[in-house]
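Structural features, examined
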Amino acid sequence: MARESIKSKVTITEIARQAGVSVPTVSRVVNGRSDVSPDTRARIEDLLRHHGYQRKSSPPGGRAVLIDLVFNDLDSPWAVEIIRGVEEVAHASGVGTVVSAIHDAQGSARQWMTNLRTRASDGVILVTSVLEPRMHEELRRLGVPLVVVDPAGSPSLDAPTVGAANWAGGMAATEHLLGLGHRRIGLIAGPQRLLCSRARLDGYRAALEGADIAVDDALIVPGDFYHASGFDGCNALFDLDEPPTALFAASDQMALGAIEALRCRGLRVPEDMSVVGFDDLPEVRWSAPPLTTVRQPLADMGKLATRTVLRLAAGEEPASPRVELATELVVRASTAPLARQARRS
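In this report, the structure presented in the accompanying data block is examined. Only a predicted model underlies this, so the values are computations on that prediction, with no experimental measurement involved. Along each chain, residue indices are assigned from 1 in the same order as the chain's sequence is written. pLDDT decides what is reported in this predicted model: residues at 70 or higher carry local features, side-chain atom pairs at 80 or more are listed and counted, and totals for whole chains, interfaces and linings draw on all residues regardless. Hydrogens and waters are ignored; side-chain quantities use all the structure's heavy atoms.

A count of helical and extended segments in the protein gives twelve helices and twelve strands. Principal axes of the C-alpha set define a box for the protein whose edges measure 95 × 35 × 35 Å. When burial is assessed residue by residue, the protein has 53% of its 345 residues classed as buried. Here the analysis covers contacts within the protein between residues at least 6 apart in sequence; of these, 74% occur between residues at least 24 apart. Each accessible area is a Shrake-Rupley estimate made with a 1.4 Å probe; only the visible protein chains count as cover when residues are assessed. In the structure as shown, the protein presents an accessible area of about 15800 Å², 54% of it carried by carbon and sulfur atoms. Positive: Lys, Arg. Negative: Asp, Glu. His and the chain ends are not part of the count. For this purpose, a charge sits on NZ of Lys, CZ of Arg, CG of Asp or CD of Glu. Placing the 38 positive and 42 negative side-chain charges of the protein at their respective mean positions leaves the two points 7 Å apart. The secondary structure listing takes helices from DSSP runs of H or I that are at least 4 residues long and strands from runs of E that are at least 2 residues long, numbered from the N terminus. Three exposure classes are used, based on accessible area relative to the maximum for each residue type with a 1.4 Å probe and protein chains only: buried under 20%, partly exposed in between, and exposed over 50%. The contact rule is simple, with two residues in contact once any of their heavy atoms fall within 4.5 Å.

Salt bridge, as used here: a side-chain nitrogen of Lys or Arg that lies within 4 Å of a carboxyl oxygen of Asp or Glu. Taken as a whole, this structure holds 19 salt bridges when the rule is applied. When the shortest N-O distance is used, the salt bridge between Arg 117 and Glu 138 registers 2.8 Å. Note that Arg 117 is positioned in helix H6 (residues 106–119) and Glu 138 in helix H7 (residues 133–142), a separation of 21 residues in sequence. A relative accessible area of 41% means that Arg 117 is categorised as partly exposed. Between Arg 184 and Glu 242 there is a salt bridge, and its shortest N-O distance comes to 3.7 Å. Residue Arg 184 is found in the loop between helix H8 (166–179) and strand S6 (185–189), and its partner Glu 242 is found in the loop between helix H10 (227–238) and strand S8 (246–249); the two are separated by 58 residues along the sequence. Residue Glu 242 is classed as partly exposed on the basis of its relative accessible area, which comes to 49%. Each of Asp 280, Arg 295, Glu 328 and Arg 332 takes part in one network of salt bridges that share partners.

A few words on the sheet that holds strand S5 (residues 161–164). Spatially, six strands are ordered S2-S1-S3-S4-S5-S11 in an open sheet, and the strand pairing comes out parallel. The strands lining the two open edges of the sheet, one partner per strand, are strand S2 (96–101) and strand S11 (322–325). For this sheet, the mean inter-axis angle between neighbouring strands, taken without regard to orientation, is 20 degrees. If DSSP finds at least two bridges between two strands, the strands pair. Where strand S1 (residues 66–71) and strand S3 (residues 123–127) come together, five bridges link them in parallel fashion. Residue pairing across strands places Leu 69 opposite Ile 125, the latter belonging to S3. The strands touched by H6 are S1, S2 and S3; relative to S1, the strand with the most contacts, the crossing angle is about 170 degrees. Axis lines are fitted through C-alpha atoms, for helices just across the contact stretch, and the angle between N-to-C directions can take any value from 0 to 180 degrees.

Spatial strand order, S7-S6-S8-S9-S10-S12: six strands in an open sheet with mixed pairing. Since the sheet does not close on itself, it has two edges, and those belong to strand S7 (220–222) and strand S12 (328–330), each with one partner. Along the sheet, successive strands turn relative to each other by an average axial angle of 20 degrees, direction set aside. Contacts from helix H9 (residues 195–210) reach S6, S7, S8 and strand S9 (274–279), with the element oriented near 165 degrees to S6. Strand contacts of H10: S6, S7 and S8, with the helix running at about 145 degrees to S6, the strand carrying the most contacts.

Structure follows, in structure tokens:
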């Protein structure tokens, strides 16, 4: 009798450790859910029987599955596109989504972690955000799988990542302008702490070097992906003794900010300046003029990240530990051949 009492006190955390799976995977088996592979289910059921684990009563269908979607900030249409992709897959899978922003603040991150423990999330999708190593360790201890979208720094070796081909996109944007005859091409870069920003910058440099054009660091100005930095960056480039004839902004929002700066100077796009963005947000096809840009498949990135985290939560391996989805140049009306641009005074 005493032996049975000891058996009944085993926790699902211990079962998960012995089975080599996450706690949410054991929870799915306990709750009778079907989204666990047969081999994993059999291994967990054997351990549950061995330890005499007593299932608690639960509502019909068991506990609802939840995934956490975590951004640094939410004040961007870029984030909305990621959310749209995550929600599409989550809804089709009967999974709930909790969206949070941690604003690069450790206090916010700690509060989010506390909330995650309380709601027993089944998985986390982290988007261009950074968590302290101890928080990564806490996720591992809780058995909560993690997938990173657009990793902020070097990808973690133990977390699958989903991103876009940023280097190829930066190169394609710059090669498009080179093909139109431009040789002085300005760049408003993204935050240097982000891997995607550095990759776009490297693609820009590679395209210039491939055309035997020396990279002029004076033509590269910093930005933060938002409108105001595009506005300020464009003004800084036009204050040069020899301004560029074309501009590659490393985000659509910065490109729109740059176009506004040009308008304020009485200059036209593309007659006086060609402009290329990056993202292909829904709004840019309606800008004046419609923006030439590099499309990154934001919604598809969200979909793939969700499928991956659900596979991990079910005790399965990801299809690939690191995935880069293709980018595509979308040519609209904001770029023109150099010969057609009006001569600036």
